[in-house]
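Chain residues, written in single-letter form:
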Amino acid sequence: MKVVVQRAKKAKVTVNGEVVGAIGHGLVLLVGVTHSDTLEDVAFIADKIAHLRIFEDEAGKMNLSMLDVGGDILSVSQFTLYGDCRKGRRPNFMEAAKPDHALPLYEALNEALRQKGIRVETGKFGAMMEVELINDGPVTLIVESKEKTGNE
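Definitions and cut-offs
Residues numbered from 1 in each chain as written. Predicted model: local features only at pLDDT ≥ 70, side-chain atom pairs only at ≥ 80, totals over all residues. Heavy atoms only, no water. Phe/Tyr/Trp six-rings, centres within 6.5 Å; stacked < 30°, edge-to-face > 60°. Helix = DSSP H or I, 4+ residues; strand = E, 2+ residues; numbered from the N terminus. Buried < 20%, exposed > 50% of the residue type's maximum accessible area, 1.4 Å probe, protein only. Salt bridge = Lys/Arg side-chain N within 4 Å of Asp/Glu carboxyl O.

Asker: Could you clarify how one ought to interpret the packing of aromatic side chains in this entry?
Answerer: Centre distance and the angle of the planes are the two values used to describe a pair of aromatic rings. Taken as a whole and assessed by the stated rule, the structure comprises two aromatic pairs. On the numbers, 5.2 Å between centres and 65° between planes, the contact of Phe79 with Phe93 is edge-to-face. Pair noted here: Phe79 is in the loop between strand E6 (72-77) and helix H3 (99-115) and Phe93 is in the loop between E6 and H3, with a separation of 14 residues, a long-range link. When the ring of Tyr106 is compared with that of Phe125, the centres are 6.0 Å apart and the planes differ by 40°; the resulting orientation is tilted. Placement of the pair is Tyr106 in helix H3 and Phe125 in the loop between strand E7 (120-122) and strand E8 (130-144), with a sequence separation of 19 residues. Taking the relative accessible area as the measure of exposure, Phe125 reaches 28% and is therefore partly exposed.

Asker: Just checking my understanding: could you explain the pattern of salt bridges for this structure?
Answerer: Proximity of charged atoms lets side chains of opposite charge pair with each other. All told, the structure shown has seven salt bridges when counted by the stated rule. As a salt-bridge pair, Lys116 and Asp47 come within 3.6 Å of each other at their nearest N and O atoms. With Lys116 in the loop between H3 and E7 and Asp47 in helix H1 (residues 39-51), this pair connects stretches of sequence that are 69 residues apart. The class of Lys116 is partly exposed, set by a relative accessible area of 31%. Of the residues examined, Asp47 reaches a relative accessible area of 38% and is grouped as partly exposed. For Arg119, the salt bridge is made with Glu121, and the minimal N-O distance between the two is 2.8 Å. Here the salt bridges share partners, and the residues they tie into one network are Asp72, Arg119 and Glu121.

Just distances and angles here, no functional claims.
Below you can see the structure in the form of structure tokens.
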């Protein structure tokens, strides 16, 4: 599982002109799922994101987590995170999980975050979405559930 984490002042997702998810202060998650991902990956990512210390404390240091600041999450499915651009000019999406595998894991991640007491808004899985955000900092990180090796 691969997640782009963006600290945001506010964000929203629109589908066909209708806002389907919106947050104030918190995080925007662009969530990609691959074939080998499991509920273990979901648990790892949810725990990492909930406790990631990327919010500033009173001294201006990034020492606070989502749980400390009480922010919200806007979670957006993003299969293109598994696009391989190494060959040719058109991305290859063979590593992106099919919807029947990806959707349950994406939903499980959102629920795992909610179980930690975080309010989670979402986009619409599989839809063409417009994502608007005011990136705070900007702070943007990539969190992955599997360690990369030199053999991949």
